[in-house]
Amino acid sequence: MAGERDKNPLKALESIGKDVLTGFLDNLVKKDVLKLEESEKKKFNDAKPGDKAWVLVDAVRQKRHKVGQVLVQTFLNMDTNSTPTEEVAEPAESAQTTGTLKLCPHEEFLKLHKQMAEEIYPIKEKLGRTRLALIICNREFDHLQVREGAELDITRMTELLVGLDYNVIVEEKLTAKEMELVLEAFAARPEHRSSDSTFLVFMSHGILDGICGTQHSDEKPDVLPYDTIFRIFNNRNCLSLKDKPKVIIVQACRGANCGELWVSDSPAPMADNSSQPPENLEDDAVYKAHVEKDFIAFCSSTPHNVSWRDRNRGSLFITQLITCFQKYSWRCHLEEVFRKVQLSFEKPHVRAQMPTTERVSLSRYFYLFPGN
C-alpha cells in the first residue's frame, strides 16, 4: 500500500485534500456557523461530497470571519469546544433584504439587554410569553367606497406581527360601537398579564375626529373617536399593560381636501380636481390622538395631508413599515425603525407623504429583538 502511494503522490494529495475539505464543510454545518435552514441542511447532507461546496458557497461569502476560524480548527485539530471570537455585528448594508424578518442573534440580544438594562423596556422570556396584537380593518361600507388593496395590508401586517411573536387577532367590517366593544374585550384579555407589549393596527376610512365604522355617512356619522382608543388602554382601565409599550398604527383619512383628483379614504368628495390620478392609487390620511404613558402612535402622514393606497399592492405606508421592520428591528429600537420609514418617504416618488410619530410617551427604548 505504501508503495502505491509513493507511485501516485499527487493522487494521494488529492484524496487527502478532498477528505479535509469534506470535514471542513461538515464542521460548518455541524456548528451551524452559516445558520442554514433545515431544508438547506438536508440538501447539504444529501449531496455528494464533490457537490457539497456548491451548496454552501453563497453562505460562506457572507460568513467569512467564522468560516475562517472553523477552517483553522480543522487543519490544526484545535479544541472544537473553545469559545470563538465574538462575531462583529453586520452593518445595515449587509442586512438581508429578502422580504423576510431578519432575526436578532441571541448574543446581540444578551449584550444589549445587559448594557442598556435601565434604558430599555423589559422583554419577557419567550417561554411563557403571551404577546397579543389586534388588527381592525374596515374594507367594505354601507355608504362609502370599498377600500381596495386593504386585504393585502391585513395579510402582510399579520405575517409581520406573527414573526415578532405576537398572536394576532383580526377583526373586519365593524361599526364604531362594535370597534369599541372589540377594543374593550381585547384590553381585558388575561394574556396581557404575561405579555410585555401590544400592537393595535387600524385601517379604515376616517375623518378629523376618528375612524369610520361601516355605517358612516354624512347624515348619520359612525365614528370611533381616537380618544376612546387611548382611554380603553390607559393605565386606569388596562392595568395588565401598565408600564408596557402600546404601539398604535393608523391608516385612515383625516380630511378631504388634498388638492388632487385621487380616490380618498375620506367619505367627503375631493374639492380640487386639478390633476388625474395614477390608475391604481388611492389616498389615506391620519389623525393625531391624545395618549398617556407608554404609548406611541405612528401615522401615515402629517396632519391635514393624505397618504396613498395602491389598489393592487396595498398602502404605501404599510408596505414601507413592514419592509423597515423586516430589515432593521433586529438591531434598532422602535422609534429608530419608524425614522427609517420616514426616511424612505423623504424624497417623493409618485406622490408625497410623510409619516409622523404622534404623542410619544415612551419612557424607555422599545426593542423587539425578533427571534428572542
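Small disclaimer: the values here were computed from a predicted structure and weren't measured.

The next subject is the sheet that holds strand S4 (residues 206-207). The strand order across the open sheet built from 3 strands is S4-S5-S6, with neighbouring strands paired in antiparallel fashion. Each end of this open sheet is capped by a strand with a single partner; those strands are S4 and strand S6 (223-225). Relative to strand S5 (residues 210-212), S4 runs antiparallel, the two sharing 2 bridges. Within the sheet, the bridge partner assigned to Gly206 lies in S5 and is Ile211.

What follows concerns the confidence of the model for the protein. On average, residues of the protein score 77 in pLDDT, and 61% of them reach the 70 mark or higher. Considering only residues more than four positions removed or in separate chains, one finds that residues 60-98, a stretch of pLDDT under 50, has 48 contacts. The low-confidence segment residues 257-263 (pLDDT under 50) makes 33 contacts with residues lying over four places distant or belonging to another chain.

The next subject is the nonpolar core. Core analysis: the biggest nonpolar cluster contains 44 residues, and Met157, Phe199, Ile249, Leu321, Phe325, Leu334 and Phe366 have the highest contact counts within it. Going through the elements one at a time, helix H6 (106-115), strand S1 (132-137), helix H7 (150-163), strand S3 (198-203), strand S7 (246-251), strand S10 (295-299), helix H10 (316-328) and helix H11 (334-344) are the ones with two or more residues in this core. Residues contacting Ile249, with those up to four places away along its chain left out, are Met157, Phe199, Leu200, Val201, Phe202, Phe298, Phe317, Ile318 and Leu321. Core analysis: the next-biggest nonpolar cluster, separate from the first, contains 26 residues, Phe202, Phe230, Cys238 and Ala252 among them.

The next thing to look at is the packing of H10 against H11. Between H10 and H11, the shortest axis-to-axis distance is 9 Å and the interhelical angle comes to 130°. With respect to their mutual orientation, H10 and H11 come out oblique. Taken as a pair, H10 and H11 cross one another with a handedness that is right-handed. Judged by residue contacts, Phe317, Gln320, Leu321, Cys324, Phe325 and Tyr328 of H10 engage Leu334, Val337, Phe338, Lys340, Val341 and Ser344 from H11. Counted by class, the contact of H10 with H11 contains 9 nonpolar, 2 polar and 1 charged residues.

What counts and what doesn't
Residues numbered from 1 in each chain as written. Predicted model: local features only at pLDDT ≥ 70, side-chain atom pairs only at ≥ 80, totals over all residues. Heavy atoms only, no water. Pairing = 2+ DSSP bridges. Helix = DSSP H or I, 4+ residues; strand = E, 2+ residues; numbered from the N terminus. pLDDT = per-residue confidence, 0-100. Contact = heavy atoms within 4.5 Å. Core = buried A, V, L, I, M, F, W, Y, C linked by side-chain atoms within 4.5 Å. Buried < 20%, exposed > 50% of the residue type's maximum accessible area, 1.4 Å probe, protein only. Axes fitted to C-alpha atoms, helices over the stretch in contact; angles between N-to-C directions. Parallel < 35°, antiparallel > 145°, perpendicular 65-115°, else oblique. Left-handed = near helix turned anticlockwise from the far one by under 90°. Nonpolar A, V, L, I, M, F, W, Y, C, P; charged D, E, K, R; others polar.

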